[in-house]
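Here is what each chain is made of, one letter per residue.
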Amino acid sequence: MEYNLADLFESVVDTVPDREALVHADHPGTGAERRLTYAGLEAAANRLAHHLADSGIKPGEHVGLYLYNCVEYLQTAFACMKIRAVPVNVNYRYVEDELAYLYRDADLAALVFDAEFTGRVAAALPHAPKLRHLIRVGAAPDDAPEPAVVPLPFAEAEASGSPGRDFGPRSADDQFIIYTGGTTGLPKGVMWRHEDLFFSGLGGGAPTGEPVKRPEELAERVAGGGEGLVFFPTAPLMHGTSTLTAFIAFNFGQKVVIHRKYVPEEVLRTIDRERVTSVSLVGDAMLRPLADALAGPLKGTDCSSLFSVSSSGAILSETVRDQFQELVPNVMILNNFGSSESGFNGTATADSGPANGFRLRVNSRIAVVDPATLAPVAPGEPGRIALRGHVPLGYYNDPAKTARTFFQLDGERWVLLGDMATVGEDGVVTVLGRGSQCINTGGEKVYPEEVEEALKAHPDVYDALVAGVPDQKWGNHVAAVVQLRAGAPRPTLEQIQTHCRARLAGYKIPRSLVITPRIQRSPSGKADYRWARDIASEAARQ
């Protein structure tokens, strides 16, 4: 047995086959609700795996997952891995041109897609010559054009395959690809070996403890432990954090709960009904609506089962953390740091906030380096975060980007992240922000996240993004794009500046303000800085 994700899952299935594994809990008590045991989830995955193999999908070929959250998403991911095919996430917000690019770039051979996206698939398909097999989840819309390759209904595909586990041997070198990007550039596929993803993305079977030392130990730990943990990844599964959260739960032999889409009130009802212990989400855009619902229409909802709420991919502001903590006092709120290129890297210290910055205690595999020399920087000097050991192989179909991001040093593989940071004498890393979003104003560097944190502390601000706008005097100036709370009075720029001046140095204060009905973010809550920059620049020209 190797560190192969399908092998490891099967070892857990054999240990706790009758334990509940997966609940699609959108509509309790109706036919839309689904509950699968570990044995049931595996049989469903085996059926689809056999269908894919019988349809000519070979080891190493790529299968796209273009779906909202559903049982079929995780079922398809495991089905691919069982036959050594490679699952590839597809952002469901992409439109025709973006889809056509991703289908081509990823060399998709098959696509499992939600019926709602039939028209987009039909439009993008002519630009993806290698895509030869389509499987559709749900009934096709009456007004949507059918793709040139006739889609097979998912239920038929699943029914055609055997539920048996009669697959060939697998390898720790089998691949899993996570596509990332699209808000600041073209999407790029991060190629992970299963073994590397297991240790860097899934914590080696124990994200908060000691990683396993051999593959068989994973099932042994499940056999020796109990049940009762309920993991609820609330962000889209097409966002790597949510899929990896589900895999972590399966490695523990515990239960995963999913919803098709993120509806804060329904999330709270499910936490109560399913006795959820761990919620994962992405930033204020997802936690703040939960807090508002819990303080308003869902006041009194029982969240006592909650042990932790964790964010990855976007930082939770101190203001929103405090708001939710007051409503659910016993919950542990975690700002986790990681990326598609590095997996999980650390958790923010308790004193992280506007005064101290986003501070991380990291493991010995992480360093802050000079991007030019790759040498560690001196304490207090800015550099880029780098990680060694279990890192990806590179970007699929992009040797140039791979060469800029991944490197060998002293016989070890490293990945150089885009995040700028400093390291203190105590080894604590303070993340400054994404280097690509850094605003150079009058020779000073401003990282948007720090200004956004200050803006969100304003009582009338619901959400905010910060971008640099061209400025004849300063080169660029700091612009705030703000969404107000419902019914809040419209603040002036001077009022916003006065509020920020108590929290930020003068050069970080916003010089312009745009009030917008809604901050645009990805479905997972990640900031769309390209949109913020465009809307702020347009306002400056008027």
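Attention in this report is confined to the structure presented alongside it.

## Considerations on the overall build of the chain
Part 1: Broken down by element type, the chain carries 16 helices and 27 strands.
Part 2: In summary, the chain has a C-alpha radius of gyration of 23 Å against a globular reference of 24 Å for 542 residues, a match within 12%.
Part 3: In terms of principal-axis extent, the alpha carbons of the chain reach across some 65 × 55 × 50 Å.
Part 4: Here the chain, with 542 residues, has 57% of them falling under the buried criterion.
Part 5: Taking the intrachain contacts of the chain between residues at least 6 apart in sequence as the baseline, contacts between residues at least 24 apart amount to 67%.
Part 6: Element-wise, carbon and sulfur atoms account for 51% of the exposed surface of the chain, whose accessible area totals about 21600 Å².

## Points about the environment of Phe 154
Part 1: Mapped onto the secondary structure, Phe 154 falls in helix H6 (residues 154-159).
Part 2: Spatially, the C-alpha atoms of Phe 154 and Pro 371 are 47 Å apart, while their sequence positions differ by 217 residues.
Part 3: Those residues in contact with Phe 154 that lie beyond four places of it in its chain are Leu 48, Glu 72, Gln 75, Thr 76, Val 112, Ile 135, Arg 136 and Val 137.

## Side note on helix H15 (residues 493-501)
Part 1: If you check which residues of H15 are buried, you get Ile 496, Gln 497, His 499 and Cys 500. The arc that holds every buried residue of H15, seen down its axis, measures 160°, which confines them to one face. Summarising the geometry of H15, the exposed residues directed more than 90 degrees from the buried face are Glu 494 and Thr 498.
Part 2: For H15, the secondary structure elements touched by its buried residues are helix H14 (448-456), strand S25 (461-471) and strand S27 (512-515).

## Quick notes on the pairing of strand S11 (residues 255-258)
Part 1: In S11, alternate side chains face the same way, and those of Lys 255 and Val 257 on one face and Val 256 and Ile 258 on the other are all buried.
Part 2: Examined bridge by bridge, strand S10 (residues 230-233) and S11 share two bridges and lie parallel to one another. Bridge pairing in S11 links Phe 231 to Val 256.
Part 3: Note that the unit made of S10, helix H9 (residues 240-251) and S11 has a crossover that is right-handed.

## Focus on the side chain of Gln 75
Part 1: Within the element layout of this structure, Gln 75 appears in helix H3 (residues 71-82).
Part 2: The exposure class of Gln 75 is buried, given its relative accessible area of 0%.
Part 3: Reaching out from Gln 75, the side chain makes a polar contact with the backbone oxygen of Ala 44 at a distance of 2.9 Å.

## What about the packing of helix H1 (residues 5-15) against helix H2 (residues 38-54)?
Part 1: At a closest axis distance of 9 Å, the pairing of H1 and H2 adopts a crossing angle of 140°. Taken together, the axes of H1 and H2 lie oblique to each other. Of the two possible hands of crossing, H1 and H2 adopt the one that is left-handed. Contact residues: Phe 9, Glu 10, Val 12 and Val 13 in H1; Tyr 38, Ala 39, Leu 41 and Glu 42 in H2.
Part 2: Here the residues of the contact of H1 with H2 are counted per class, giving six nonpolar, no polar and two charged.

## With respect to unusual backbone geometry
Part 1: Here Arg 275, not a glycine, exhibits a phi torsion of approximately 55°, which is positive.
Part 2: By the element assignment, Arg 275 lies in the loop between helix H10 (264-274) and strand S12 (278-281).
Part 3: Arg 275 gets classed as partly exposed once you look at its relative accessible area, which sits at 33%.
Part 4: Even without glycine at this site, Leu 374 takes up a positive phi of about 65°.
Part 5: Its place among the elements puts Leu 374 in the loop between strand S17 (366-369) and strand S18 (383-388).

## Describing the environment of Leu 244
Part 1: As for its position among the elements, Leu 244 is in helix H9.
Part 2: Using a relative accessible area of 12% as the deciding quantity, one classes Leu 244 as buried.
Part 3: Spatially, the C-alpha atoms of Leu 244 and Leu 202 are 6.5 Å apart, while their sequence positions differ by 42 residues.
Part 4: Not counting residues up to four positions away in its chain, the partners in contact with Leu 244 are Leu 197, Gly 201 and Leu 202.

## As for the pairing of strand S21 (residues 412-423)
Regular strands show a simple pattern: their side chains alternate between the two faces of the sheet.
Part 1: In terms of burial, S21 is largely enclosed, as nine of its 12 residues are buried.
Part 2: As paired strands, strand S20 (residues 406-409) and S21 are joined by four bridges and run antiparallel to one another. From the neighbouring strand, Phe 407 faces S21, where its bridge partner is Trp 414.
Part 3: Hairpin connection, S20 to S21: the antiparallel pair is bridged by two residues, and Asp 410 has positive phi, about 55°.
Part 4: Between the antiparallel neighbours S21 and strand S22 (residues 429-434) lie five residues, among them Gly 427 with a positive phi of about 85°.

## Some remarks on the pattern of salt bridges
Part 1: Applying the stated criterion to the full structure yields 39 salt bridges.
Part 2: We note a salt bridge from Arg 132 to Glu 61, for which the minimum N-O separation is 2.7 Å. Residue Arg 132 is found in the loop between helix H5 (118-124) and strand S6 (133-137), and its partner Glu 61 is found in the loop between H2 and strand S3 (62-66); the two are separated by 71 residues along the sequence.
Part 3: Arg 132 gets classed as partly exposed once you look at its relative accessible area, which sits at 38%.
Part 4: For Arg 485, the salt bridge goes to Asp 292, with nearest N and O atoms at 3.5 Å. Note that Arg 485 is positioned in the loop between strand S26 (475-484) and H15 and Asp 292 in helix H11 (residues 284-295), a separation of 193 residues in sequence.
Part 5: Connected through salt bridges with shared partners, the residues Asp 7, Glu 10, Asp 14, Glu 42, Lys 82, Arg 165 and Arg 170 form a single ionic network.

Criteria and cut-off values
Residues numbered from 1 in each chain as written. Predicted model: local features only at pLDDT ≥ 70, side-chain atom pairs only at ≥ 80, totals over all residues. Heavy atoms only, no water. Helix = DSSP H or I, 4+ residues; strand = E, 2+ residues; numbered from the N terminus. Rg over C-alpha atoms; globule rule 2.2 N^0.38 Å. Buried < 20%, exposed > 50% of the residue type's maximum accessible area, 1.4 Å probe, protein only. Contact = heavy atoms within 4.5 Å. Areas by Shrake-Rupley, 256 points an atom, 1.4 Å probe, with all protein chains shown as cover. Arc of directions from axis to C-beta. Pairing = 2+ DSSP bridges. Right-handed = clockwise from strand over helix to strand, strands pointing away. Polar contact = N/O pair within 3.5 Å; in protein donor to acceptor, adjacent residues only side chain to side chain. Axes fitted to C-alpha atoms, helices over the stretch in contact; angles between N-to-C directions. Parallel < 35°, antiparallel > 145°, perpendicular 65-115°, else oblique. Left-handed = near helix turned anticlockwise from the far one by under 90°. Nonpolar A, V, L, I, M, F, W, Y, C, P; charged D, E, K, R; others polar. Salt bridge = Lys/Arg side-chain N within 4 Å of Asp/Glu carboxyl O.

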